[in-house]
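# Inside the fold
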Amino acid sequence: MNVLASRGQLRASFIRWALFTVPLCVLLGFLSGQLGGPDSYWFQALEKPGIYPPPAAFGIVWTILYVMIGLAVALVCAAWGARGRGIALTAFVVHFLLNLAWTPVFFGMKELTFALAVLIAIDVTLLVVIALFWKVRQLAAILLLPYLAWVLFATVLNWQFLQLNPDADGGTVSGGSERVRIGN
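None of these values were measured; they are calculated from a predicted model.

### Quick notes on the overall build of the chain
Counting its regular elements, the chain contains seven helices and zero strands. Tracing the chain from N to C terminus, the helices and strands come up as α-α-α-α-α-α-α. Counting across all 184 residues of the chain, residues that qualify as buried make up 39%. For the chain, long-range pairs separated by at least 24 residues make up 79% of all intrachain contacts whose partners lie at least 6 apart in sequence.

### What to know about the side chain of Thr155
Assignment of secondary structure puts Thr155 in helix H7 (residues 145-164). Judged by relative accessible area, Thr155 falls into the buried class, the value being 13%. Polar side-chain contacts of Thr155 include one of 2.7 Å to the side chain of Asp123. Excluding anything up to four places from it in sequence, Thr155 contacts Leu116, Leu119, Ile120 and Asp123.

### Here we look at H7
Taking 1.5 Å per residue, 20 residues should reach 28 Å; H7 reaches 29 Å between its end C-alpha atoms and fits that length. Here H7 has its buried residues at Tyr147, Leu148, Trp150, Val151, Ala154, Thr155, Leu157, Asn158, Phe161 and Leu162. Where H7 is buried, its residues touch helix H2 (41-45), helix H3 (55-77), helix H4 (85-108) and helix H5 (112-136).

### With respect to a nonpolar patch on the surface
The grouping of Trp134, Leu139, Ile142 and Leu145 at the surface amounts to a nonpolar patch, some 390 Å² of accessible area in total. Relative to the helices and strands, Ile142 resides in helix H6 (residues 138-143). Assessed through its relative accessible area of 43%, Ile142 is described here as partly exposed.

### As for the environment of Asp39
Along the chain, Asp39 turns up in the loop between helix H1 (7-33) and H2. Separated by 16 residues in sequence, Asp39 and Pro55 have C-alpha atoms that sit 9.8 Å apart.

### Some details on the nonpolar core
Nonpolar side chains in soluble globular proteins generally cluster together in the buried interior. Residues Ile69, Phe106, Phe133 and Leu144 are the most contacted members of the largest nonpolar core, which totals 49 residues. The element best represented in this core is H5, accounting for twelve residues. The contacts of Phe106, once residues within four sequence positions are left out, are Trp42, Phe43, Glu111, Leu112, Ala115, Asn158 and Phe161.

### Concerning the packing of aromatic side chains
Tallied over the entire structure, the rule returns 20 aromatic pairs. Taking 6.2 Å as the distance between ring centres and 65° as the angle between the ring planes, the aromatic pair formed by Phe43 and Phe106 counts as edge-to-face. With Phe43 in helix H2 and Phe106 in helix H4, this residue pair connects regions lying 63 residues apart in the sequence. Its relative accessible area of 2% is what places Phe43 among the buried residues. Under the relative-accessibility criterion, Phe106 is labelled buried at 1%. Between the NZ or CZ atom of Lys48 and the centre of the ring of Phe43, over which it lies, the distance is 4.6 Å. Its guanidinium or amino end placed over the ring of Trp80, Arg85 lies 4.2 Å from that ring's centre, counting from NZ or CZ.

What counts and how
- Going along each chain's sequence as written, the residues are numbered from 1 onward.
- With the structure being a predicted model, the display of local features is reserved for residues of pLDDT at least 70 and the display and counting of side-chain atom pairs for 80 or more, all residues being used for whole-chain, interface and lining totals.
- Side-chain metrics rest on all non-hydrogen atoms present in the structure, leaving aside hydrogens and water.
- Put simply, DSSP marks the helices as runs of H or I at least four residues long and the strands as runs of E at least two long, and each gets a number from the N terminus on.
- Here's how the labels work: a residue is buried when its accessible area is under 20% of the maximum for its type, exposed when over 50%, partly exposed in between, all with a 1.4 Å probe on protein chains only.
- The contact definition used throughout considers only heavy atoms, calling two residues in contact when any of these lie within 4.5 Å.
- Pairs of N or O atoms within 3.5 Å make up the polar contacts considered here, provided that, within protein, one atom can donate a hydrogen while the other can accept it, and that residues adjacent in sequence are counted only when both atoms are side-chain atoms.
- One less than the residue count of a helix, multiplied by 1.5 Å, gives the span that helix is expected to have.
- Patches were defined on residues exceeding 30% relative accessible area and lacking a salt bridge, with like-charge contacts within 9 Å and nonpolar side-chain contacts (Val, Leu, Ile, Met, Phe, Trp, Tyr) within 5 Å.
- Each accessible area is a Shrake-Rupley estimate made with a 1.4 Å probe; only the visible protein chains count as cover when residues are assessed.
- When a carboxyl oxygen of Asp or Glu is within 4 Å of a side-chain nitrogen of Lys or Arg, the pair counts as a salt bridge.
- We define a nonpolar core as any set of buried Ala, Val, Leu, Ile, Met, Phe, Trp, Tyr and Cys residues linked to one another through side-chain atoms lying within 4.5 Å.
- Two rings belonging to Phe, Tyr or Trp (six-membered ring only in the last case) form a pair when the distance between their centres is within 6.5 Å. Interplanar angles under 30 degrees mark stacking, angles over 60 mark edge-to-face geometry, and anything in between is tilted.
- In this analysis the charged atom, NZ for Lys or CZ for Arg, is taken to sit over a ring once it is within 6 Å of the ring centre and within 35 degrees of the ring normal.

Below, the structure written as structure tokens:
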């Protein structure tokens, strides 16, 4: 026998990894989303681009994408002995930390320009991750393509928010409120 593991053992390894990576990706994405969101007065006061989808779409899309991301990572994690596995997973961790940072930067810090820079870094690192995953497991790279499409859309959307709301960068929305003093 010239193989290190049978097909059954490889499949079991993938399933074990998926049972860890899928919930982890979904949970971390959910927790990141709790660090700021579209319900704030600041965001509600922003002028929305024409391509801004209904708010309910974000939760649905991100949940599906985080599941696909978790499955892609599980495929690479289960590729024991594959050349490039370690660097692919390291690049993914760096990329995913950037992904998790975007929501707190955009919604929490209200930094549209910095959030756009984070998204550009997400785009670039995701392209690197897809290339590295392709070398380990092609299916893992393919699973990330809808995610790439979504983050490229998010980059355009972030840029449009910045163009439409230049005074909102850094947490202020011009004309959003006025103080009135009553009495002495």
